[in-house]
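Chain residues, written in single-letter form:
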Amino acid sequence: MVKHTTHLCGVLFLLCLLFGDFVFGWFHYGSQGKTQQQQQQQQQQHTADSFEQSCLCHLTGVLDDCFCDIESIDVFNNFKIFPLMQKLIERDFFRYYRVNLKRPCPFWPDDSHCAIKDCQVEPCPESKIPVGIKSGNYNKYSQAANTIRDIKECEQAHELGAINSTLSNQSKEAFEDWAHHDDAQDHFCGLDDETSPDTEYVDLRLNPERYTGYKGPSAWRVWNSIYEENCFKPRSVYRPLNPLAPSRGDDDGESFYKWLEGLCLEKRVFYRLISGLHSSINIHLSAEYLLDEGWGKPIWGPNVHEFRRRFGSAETKGEGTRWLKNLYFLYLIELRALSKVAPYFERAFINLYTGNAQEDSITKELLLQIFNETKAFPMHFDESSMFAGHKMEAKRLKEEFRLHFKNISRIMDCVGCSKCRLWGKLQTQGLGTALKILFSEKEIKNLPENSPSKGFQLTRQEIVALLNAFGRLSTSIKELHNFRTLLKDQRTLPYCSTLLSNWL
């Protein structure tokens, strides 16, 4: 009898997982009365339902300032772009990013270095960097392929992905022939000096963006400076824009943001780009959370509670959905930049040089495949509507826009956690490169077919940052789909638990 009962319970549990609400409703209405446990489970279900209804179910429809809807972006990204981007960023050319993580904060004393082990920087041997990246100029397109040395030792340097830190000073000469095109009027970011001995290669695969525990006054000060001093907030608005601010007033979100509608398009776009970037980072931290340190091998994965804390309606006073919509807006901006820069890379002589001809060929083929997908997307953001007014006023506004964003890129040097600083610098440089592309339309159209251009050029670091930054946005949208599924499962499991308890 016990054996049959156990078997029956198992079948019921499987049916519940398969049919969810239907199975529960059938048995529920066939039973008499509601136990206290049922009421508790219904309360849990109501909590999950109310969160999804208030945050994710409102994440739908057409975005402001463009003619694209969220559902189209979800399908396009999750089924077409995301799989290709994951393959691309695994390639050697996009795996190594050169960055100076030791630049001092230019705005306040650098007194907030993170003591958490997941923030730390550890060295990776110089010999593990592919020869073509280390000593070759990617613009020297005719170089013969060299042998890439074994990189497995570097992959095992640190289980949690310690940053590949310093290269010896003796390697400085090997980098002198890297191309460095620096037209100050085009750059939206403060670029690291590649000749500095503090500039180092970082293996991004060993250093995934994830939750490190970096928070408190240091993190608040960084985001507060970004929002309050650089996002064109009117002086008449007193409530802080910074989501980390301890007190955000009693406004319900919609009434508070009426000031945003009064700004010109360019300033609205600027705020939404920064808000979207912040949302994307928060999704990464929630999706790659330290769930269990285990027996010397940490377990990382999605944390629904952390996601709710950052985007839930009650926790954000109804603003979580707005922040998530800004992520989609940022995605459209960078997607548009990729579609516009495609002619630059489609020229036959452009190679993504690492020193391995086969690797370089595969990488370029993948990149061109992504460009083809981006160009086929039917609902791109129209950047021509920006800076389109009176010529002198448009020029002044564009310069103000550029300087504000460049200032934000410098604030990234004030982040106290090394890994957070790494991904902050990379993603701001990626967005800055996207903006540079969007506002270089004439130069891109006039690119010579068979030779480099003096009018428009991208450094290797800009290319790596651009594609990795877009890869982060693509991952964020994919992770939103995963969180939807997890929240739906949270509604289903209480039903199953109630069913089994009734039958047992």
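Look up: the structure comes first, before these words.
Note that the coordinates shown come from a computational prediction; the quantities given were computed from them, not determined experimentally.

Asker: An account of helix 8 (residues 217-230) is requested, with residue identities and associated values reported.
Answerer: The terminal C-alpha atoms of helix 8 lie 19 Å apart, and with 14 residues this matches the ideal 20 Å at 1.5 Å per residue to within 8%. Those residues of helix 8 that fall on the buried side of the exposure criterion are Ser 218, Ala 219, Val 222, Trp 223, Asn 224, Ser 225, Ile 226, Tyr 227 and Asn 230. Residues of helix 8 that are buried make contact with helix 10 (265-287) and helix 15 (391-411). Where helix 8 terminates, the next one or two residues include Phe 232, which has phi positive at roughly 60 degrees.

Asker: Give me unusual backbone geometry: which residues, what numbers.
Answerer: The backbone of Lys 317 shows a phi angle near 55 degrees, a positive value even though the residue is not glycine. Mapped onto the fold, Lys 317 is located in the loop between helix 12 (313-316) and helix 13 (320-346). The exposure class of Lys 317 is partly exposed, given its relative accessible area of 39%. The backbone of Phe 387 shows a phi angle near 55 degrees, a positive value even though the residue is not glycine. Its location among the elements puts Phe 387 in the loop between helix 14 (357-376) and helix 15.

Asker: With reference to specific residues and values, describe the pairing of strand 4 (residues 199-203).
Answerer: Each regular strand carries side chains that alternate between the two faces of the sheet. Of all five residues in strand 4, five are buried; the element is thus mostly enclosed. By the alternation rule, side chains of strand 4 split into Thr 199, Tyr 201 and Asp 203 and Glu 200 and Val 202, which are all buried. Direction of pairing for strand 1 (residues 96-100) relative to strand 4: antiparallel, over a ladder of five bridges. Counted as the bridge partner of Arg 98 is Tyr 201 from strand 4.

Asker: Explain the environment of Leu 426 to me, and be specific about the residues and the numbers.
Answerer: Secondary-structure assignment places Leu 426 in helix 16 (residues 418-438). Judged by relative accessible area, which is 0%, Leu 426 ranks as buried. For the pair Leu 426 and Leu 466, spaced 40 residues apart in sequence, the C-alpha separation works out to 8.2 Å. Contacts of Leu 426, omitting those with residues within four sequence positions, involve Tyr 97, Leu 204, Ala 465, Asn 468 and Ala 469.

Asker: Pulling in residues and values, what's your account of the nonpolar core?
Answerer: Judged by nonpolar contacts, the single largest core of 116 residues is most densely connected at Ile 73, Leu 273, Tyr 331, Phe 345 and Leu 467. Ranked by residue count, the leading element in this core is helix 13, at 16 residues. Once residues within four sequence positions are removed from consideration, Leu 467 is found in contact with Met 85, Leu 88, Ile 89, Phe 94, Leu 338 and Leu 367.

Asker: Provide a residue-level description of the side chain of Asp 69, including the pertinent values.
Answerer: On the secondary structure map, Asp 69 appears in the loop between helix 3 (36-56) and helix 4 (70-88). Buried and unpaired, Asp 69 has Arg 484 as its nearest opposite-charge partner, separated by 11 Å. Among the polar contacts listed, one links the side chain of Asp 69 to the backbone nitrogen of Ser 72, at a separation of 2.9 Å.

Asker: Which residues make up the state of the cysteines, and what are the values?
Answerer: In a disulfide, the sulfur atoms of two cysteines are held together by a covalent bond. Here the structure, examined in full by the defined rule, presents one disulfide. Bridging Cys 105 to Cys 414, the disulfide has an S-S length of 1.9 Å. For the disulfide bridge between Cys 105 and Cys 414, the dihedral angle about the S-S bond is near 75 degrees, and by the sign convention the bridge is right-handed. Placement of the pair is Cys 105 in the loop between strand 1 and strand 2 (121-122) and Cys 414 in the loop between helix 15 and helix 16, with a sequence separation of 309 residues. With a relative accessible area of 11%, Cys 105 lands in the buried category.

Asker: Explain the pairing of strand 1 residue by residue, including any values.
Answerer: Across the five residues of strand 1, five count as buried, placing the element largely inside the fold. Of the two faces of strand 1, the one lined by Tyr 96, Arg 98 and Asn 100 and the one lined by Tyr 97 and Val 99 are each fully buried.

Asker: Account for the environment of Glu 441, with residues named and values stated.
Answerer: Structurally, the position occupied by Glu 441 is in helix 17 (residues 441-445). Ignoring sequence-local partners within four residues, the contact set of Glu 441 consists of Lys 340 and Glu 383. Among the polar contacts listed, one links the side chain of Glu 441 to the side chain of Lys 340, at a separation of 3.4 Å.

Asker: Report on the pattern of salt bridges, specifying residues and quantitative values.
Answerer: Using the criterion set out here, one finds 18 salt bridges in the structure. Linking Arg 205 and Glu 90 is a salt bridge whose minimum nitrogen-to-oxygen distance equals 2.9 Å. One end of the pair, Arg 205, is in the loop between strand 4 and helix 8; the other, Glu 90, is in the loop between helix 4 and helix 5 (92-95), and 115 residues separate them in sequence. A relative accessible area of 31% places Arg 205 in the partly exposed class.

Asker: An account of helix 13 is needed here, citing residue identities and associated values.
Answerer: Given a rise of 1.5 Å per residue, 27 residues ought to cover 39 Å, and the 39 Å separating the end C-alpha atoms of helix 13 matches this to within 8%. Where helix 13 bends most, the angle comes to about 35 degrees, and this point is Lys 340, followed within four residues by the proline Pro 343. Counted residue by residue, helix 13 has 22 buried out of 27 residues, so it is predominantly covered.

Asker: Explain the packing of aromatic side chains to me, using residue names and the numbers behind them.
Answerer: With the rule as written, the count across this model stands at 19 aromatic pairs. Summarising the aromatic geometry, the rings of Phe 93 and Phe 94 are spaced 5.1 Å apart at their centres and angled 75 degrees between planes, so their arrangement reads as edge-to-face. The buried category is assigned to Phe 94, whose relative accessible area is 0%. Taken together, a centroid distance of 5.2 Å and an interplanar angle of 45 degrees make the contact between Phe 307 and Phe 311 tilted. Residue Phe 307 and its partner Phe 311 are both found in helix 11 (residues 304-311); the two are separated by four residues, about one turn of the helix. Residues Phe 307 and Phe 311 agree in their burial class; the two are buried. Counting every residue linked through ring pairs, the aromatic cluster contains Phe 232, Phe 270, Phe 387, Phe 401, Phe 405 and Phe 439.

Reading guide: rules and limits
- Counting from 1, residues in each chain are numbered in the order their sequence is written.
- In keeping with the predicted nature of the model, local features appear solely for residues at pLDDT of at least 70, side-chain atom pairs appear and are counted solely at 80 or more, and the whole-chain, interface and lining totals rest on all residues.
- Excluded from the side-chain calculations are hydrogens and water; all other atoms, namely the structure's heavy atoms, are used.
- Numbering of helices and strands runs from the N terminus, with a helix taken as a DSSP run of H or I at least four residues long and a strand as a DSSP run of E at least two residues long.
- The span one expects for a helix is its residue count, reduced by one, times 1.5 Å.
- Remark: exposure states derive from per-residue accessible area (1.4 Å probe, protein chains only) relative to the maximum for the residue type, with buried under 20%, exposed over 50%, and partly exposed in between.
- Two residues qualify as a contact provided that any one of their heavy atoms is within 4.5 Å of a heavy atom in the partner residue.
- At least two DSSP bridges between two strands are needed for those strands to be called paired.
- We define the nonpolar core as a collection of buried residues of types Ala, Val, Leu, Ile, Met, Phe, Trp, Tyr and Cys that are connected through side-chain atoms lying within 4.5 Å of one another.
- Under the convention used here, Asp and Glu are negative, Lys and Arg are positive, and both His and the chain ends fall outside the count.
- When a carboxyl oxygen of Asp or Glu lies within 4 Å of a side-chain nitrogen of Lys or Arg, that pair is called a salt bridge.
- We call two N or O atoms a polar contact when they sit within 3.5 Å, provided that within protein one can donate a hydrogen and the other can accept it, with sequence-adjacent residues counted only if both atoms are side-chain atoms.
- Only a pair of cysteine sulfur atoms within 2.5 Å qualifies as a disulfide here.
- The quantity called bend is, for any residue, the angle between two axes fitted respectively to the seven residues ending at it and the seven beginning at it.
- Any two rings among Phe, Tyr and Trp, with Trp reduced to its six-membered ring, count as a pair given centres within 6.5 Å; such a pair is stacked if its planes are under 30 degrees apart, edge-to-face if over 60, and tilted if neither.

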